[in-house]
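# A look at the structure
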Amino acid sequence: MTVPLVATAIAHPNIALIKYWGKRDVAENLPAVGSLSVTLDAMCSRTRVCFEPGRKGDSVRLNGREDAGAASRISACLDLLRRRAGVGHGALVDTDNDFPTAAGLASSASGFAALVTAAAAALGLDLPARELARVARLGSGSAPRSLFGGFVVLRNAPDGDVAVEPLLPAPAWPLRVVIAIVATAPKETGSRDGMAASRATSPYYGEWLRSHDADLEAGLRGVRDRDFAALAGVAEHNCLKMHAVMLTTRPPLIYWSPTTLACLQLVQSLRRAGTPVFFTIDAGPQVKAVCEPGAAALVRDALAAVPGVMQVIDSGLGPGAHCTDG
Ligand code: PMV
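Summary of the structure given here. (Residues numbered from 1 in each chain as written. Predicted model: local features only at pLDDT ≥ 70, side-chain atom pairs only at ≥ 80, totals over all residues. Heavy atoms only, no water.)

## Quick look at the overall build of the protein
As a reminder of what qualifies: Helix and strand assignments come from DSSP, with helices taken as H or I runs of at least 4 residues and strands as E runs of at least 2, each series counted from the N terminus. Atoms counted for the radius of gyration: C-alpha only. Globule rule: 2.2 Å times the number of residues to the power 0.38. Each residue is placed in one exposure class: buried if its accessible area under a 1.4 Å probe, protein chains only, is under 20% of its type's maximum, exposed if it is over 50%, and partly exposed if it falls in between. The contact definition used throughout considers only heavy atoms, calling two residues in contact when any of these lie within 4.5 Å.
Counting secondary structure elements, the protein contains 8 helices and 16 strands. Against the globule reference of 20 Å for 326 residues, the protein gives a C-alpha radius of gyration of 19 Å, in line with a compact fold. Each of the three principal axes of the protein carries a C-alpha extent, and together these read 65 × 40 × 35 Å. Split into buried and exposed, the 326 residues of the protein put 54% on the buried side. Sequence-distant contacts, at least 24 apart, represent 78% of the contacts inside the protein between residues at least 6 apart.

Right, dumping it as C-alpha cells:
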C-alpha cells in the first residue's frame, strides 16, 4: 500500500474545568488524576507532517522557527506511529499557533493533538481515538482531550493507560469561554517540571489526589445536567486547589500576576451579582471566564476594562482534531 507521507491537521486548545496536575508515571507521562475539559474554537494549532524517504531524524519548525527543544518529545510520538506503519523515514514538522505559545493557553495540547492526527494520516494509519490518545499523551498529558470537541473527559483506564471520551458535543451546551490575556511571555516553569516539583514537595499534593475523584464526578454531573451553578462551584474550587498545591511547592510556583487576581475577583463579583460566569486558571497568568452565551458580551467588556488586560478572546466550544488540506 502506498501512503501519502504528508498530511496537515488542525486542533484546538482545550481548557480543563477539572484539572490534571501531577503524574503517576513520569517516563510514560501518565497523569495522576482524570480531568474534564472544553475544546475551544477561537484558536488553533495547524501542523503539517511530511515524512521524507532517506531523511534521518526529525526537524521541527514552530511558528516558522527551528525548535530543537520540542524535537525529542515530537520524535517520541512519531517513533510510535512509524513503528506501527513500518516506516523509517524522518519527518519535517511545521506547526503554527495563532495564539501565544507556552503561556498557559494549552498550546502543547492542541499542538500534539494536531501532530498525531497529521502524522497518522500521513502514514496511512486509521487508528481509533483510544490509540491516538495514547500517542498524544506522550507529548502532553492534556493533548488527548483536544482530539475531541465539546466537553471531554480523560480518565485513567483499568489497563493502566488513559481513556479519553467525548461527554457532550459543543452544540448540546454552547457555553462560551472569554480569555483575558494578561501576559504573553513563556512561563518560567513548564508544567512537566512544575508537576514533578509539586509531587516531591507540596504538603497538599496527597490531599489533591485524595479529593480529586469527587471533584471530577461532581464536574461530570454538572455537565450532564447542564447545571451551570454546580459546575461553576466545583470548577473554581478544583482550580484553586490546584493553585494551592502550586503555591505550596518548593520553590513556589506562582503563576498569577496582580492582573490575574483582579480578573478572578471581577468574575466572582459578577457571579454574586447574578451573571452566570466562573473562572479557571492553568499554569500561567491568563484567566478563562466560562459563561452562558447570553453573558459573554458583558463578561468580555468587563474583563477588557481591567487594567493590565492586554487582549480578550471570546471563544465558543469547538470541534476535535481533524485533517485539512495542506
Ligand atoms: O498537558 P500539560 O502537561 O501541559 O499539563 C496541563 C496542566 C494544566 O493545564 C495546568 C491543567 C490541565 O488539566 O490542563
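Don't stop here, the text continues.
## Looking at the site of the ligand
Applied cut-off: Working definition: residue near molecule or strand if any one of its non-hydrogen atoms lies within 4 Å of it. Definition of a polar contact: a pair of N or O atoms within 3.5 Å, with one able to donate and the other able to accept a hydrogen when the atoms are protein atoms, and with sequence-neighbouring residues admitted only if both atoms are side-chain atoms. For this classification, the nonpolar set comprises Ala, Val, Leu, Ile, Met, Phe, Trp, Tyr, Cys and Pro, the charged set comprises Asp, Glu, Lys and Arg, and every other residue, Gly included, is treated as polar. Annotation comment: domain bounds sourced from an automatic or database domain assignment.
Taken together, 14 residues surround the ligand, and among them Tyr20, Ser140, Ser142, Arg145 and Ser191 come closest. Arginine 145 is positioned with one of its side-chain polar atoms (N or O) 2.7 Å from an oxygen atom of the ligand. Separating an oxygen atom of the ligand from a side-chain N or O atom of aspartate 282 is a distance of 3.4 Å. Here the residues of the shell around the ligand are counted per class, giving 6 nonpolar, 5 polar and 3 charged. When residues are assigned to domains, the shell around the ligand turns out to be shared by domain 1 (5–170) and domain 2 (172–315), each giving three or more.

## Side note on the sheet that holds strand β9 (residues 90–97)
Convention followed: A strand pair is defined by DSSP finding two or more bridges across the two strands. Here an angle of 0 to 180 degrees is reported between the N-to-C directions of two axes, which are lines fitted to C-alpha atoms, with helices fitted over the stretch in contact.
The strand order β8-β7-β9-β6-β1-β16 describes an open sheet built from 6 strands, whose pairing is mixed. Each having just a single partner strand, β8 (65–66) and β16 (322–324) make up the two edges of the open sheet. Both strand β7 (residues 59–62) and β8 contribute to a ladder of 2 bridges, which runs antiparallel. The residue bridging leucine 62 from the neighbouring strand is arginine 65, located in β8. Of the strands in this sheet, β6 (45–52), β7, β8 and β9 are in contact with helix α1 (residues 68–85), which crosses β9 at around 120 degrees. Its contacts with the sheet place helix α2 (residues 107–122) against β1 (6–11), β6, β9 and β16, and it is angled at close to 35 degrees to β6.

## Examining the pairing of strand β2 (residues 14–18)
Along any regular strand the residues' side chains alternate between the sheet's two faces. Among the 5 residues that make up β2, 5 are buried, leaving the element largely enclosed by the rest of the structure. The sheet contact formed by β2 and strand β5 (residues 35–39) spans 4 bridges and is antiparallel. If you follow asparagine 14 over to β5, its bridge partner there is threonine 39.

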